[in-house]
Amino acid sequence: QVQLVESGGGLVQPGGSLRLSCAASGFAFSSYAMGWYRQAPGKERELVAAITSAGGSTNYADSVKGRFTISRDNAKNTVYLQMNSLKPEDTAVYYCNTVLRGGSTWHPFGSWGQGTQVTVSS
């Protein structure tokens, strides 16, 4: 059974940092590209960052470039999102998923986990 469990969210002040983790099980994690998505209230879910199966290539949404870093540890079946210089507009529920490359972007194709809430507020 495929399972994705996100953790590491919380309340942080503007300018602060958080590190999200996504523990995967039930599939060959090291064979799949992974992505982090977020969904803010009243908005559609959007791709934040993606990483190839071996971790050799990454992509970021323009809104997070230079502030967020995606990485993975295939030995631990875990993908991470390091978020620095957080802004109130980063407030959202963050999800991970397996992704497939399609043209110039990535598309999710697995089941969604429960997500982890990130709130940036003073």
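Structure's up top.
Residues numbered from 1 in each chain as written. Predicted model: local features only at pLDDT ≥ 70, side-chain atom pairs only at ≥ 80, totals over all residues. Heavy atoms only, no water.

### Overview of the overall build of the protein
So, step 1. Of regular secondary structure, the protein possesses zero helices and 11 strands.
So, step 2. Listing every helix and strand of the protein by position from the N terminus yields β-β-β-β-β-β-β-β-β-β-β.
So, step 3. Against the compact-globule benchmark of 14 Å for 122 residues, the protein has a radius of gyration of 13 Å, which places it among compact chains.
So, step 4. If you line up the protein on its principal axes, its C-alpha atoms span 40 × 30 × 25 Å.
So, step 5. Looking at the protein residue by residue over its 122 residues, the buried ones come to 39%.
So, step 6. In the protein, 55% of the contacts between residues at least 6 apart in sequence involve partners at least 24 apart.
So, step 7. With an accessible surface of roughly 6100 Å², the protein has 47% of that area assigned to carbon and sulfur atoms. (Helix = DSSP H or I, 4+ residues; strand = E, 2+ residues; numbered from the N terminus. Rg over C-alpha atoms; globule rule 2.2 N^0.38 Å. Buried < 20%, exposed > 50% of the residue type's maximum accessible area, 1.4 Å probe, protein only. Contact = heavy atoms within 4.5 Å. Areas by Shrake-Rupley, 256 points an atom, 1.4 Å probe, with all protein chains shown as cover.)

### A closer look at the state of the cysteines
So, step 1. Counted by the stated rule, this structure contains one disulfide.
So, step 2. Shown here is the disulfide that connects Cys22 with Cys96, its sulfur atoms set 1.8 Å apart. Classification of the bridge connecting Cys22 and Cys96 rests on its S-S torsion, roughly 45°, and on that basis the disulfide is right-handed. Taken together, the residues span a long stretch of sequence, with Cys22 in strand β3 (residues 18-25) and Cys96 in strand β9 (residues 92-102) at a distance of 74 residues. (Disulfide = S-S within 2.5 Å.)

### Overview of the packing of aromatic side chains
So, step 1. Per the counting criterion, the structure on display carries five aromatic pairs.
So, step 2. Geometrically, the ring pair formed by Phe27 and Tyr32 is edge-to-face, given 5.7 Å between the ring centres and 75° between the ring planes.
So, step 3. Classification of Tyr32 as partly exposed rests on a relative accessible area of 31%.
So, step 4. When the ring centre of Trp112 is taken as origin, the NZ or CZ atom of Arg45, which lies over that ring, is 4.0 Å away.
So, step 5. When the ring centre of Phe29 is taken as reference, the NZ or CZ atom of Arg72 above it lies at 4.4 Å. (Phe/Tyr/Trp six-rings, centres within 6.5 Å; stacked < 30°, edge-to-face > 60°. Lys NZ or Arg CZ within 6 Å of the ring centre and 35° of its normal.)

### Here's the deal with the nonpolar core
So, step 1. If you look at the biggest cluster of nonpolar residues, it comprises 27 residues, and the most contacted ones within it are Trp36, Phe68, Val79, Leu81, Met83 and Tyr94.
So, step 2. Elements with a contribution of two residues or more to this core: β3, β4 (33-39), β5 (46-51), β7 (68-73), β8 (78-83), β9 and β11 (116-120).
So, step 3. Ranked by residues supplied to this core, first place goes to β3 with four residues.
So, step 4. Every residue in contact with Leu81, bar those within four places of it in the chain, is listed here: Leu18, Arg19, Leu20, Trp36, Val48, Ala49, Phe68, Thr69, Ile70 and Tyr94.
So, step 5. Listed in part, the five residues of the second largest apolar core include Ala33, Ala50, Val99 and Trp106. (Core = buried A, V, L, I, M, F, W, Y, C linked by side-chain atoms within 4.5 Å.)

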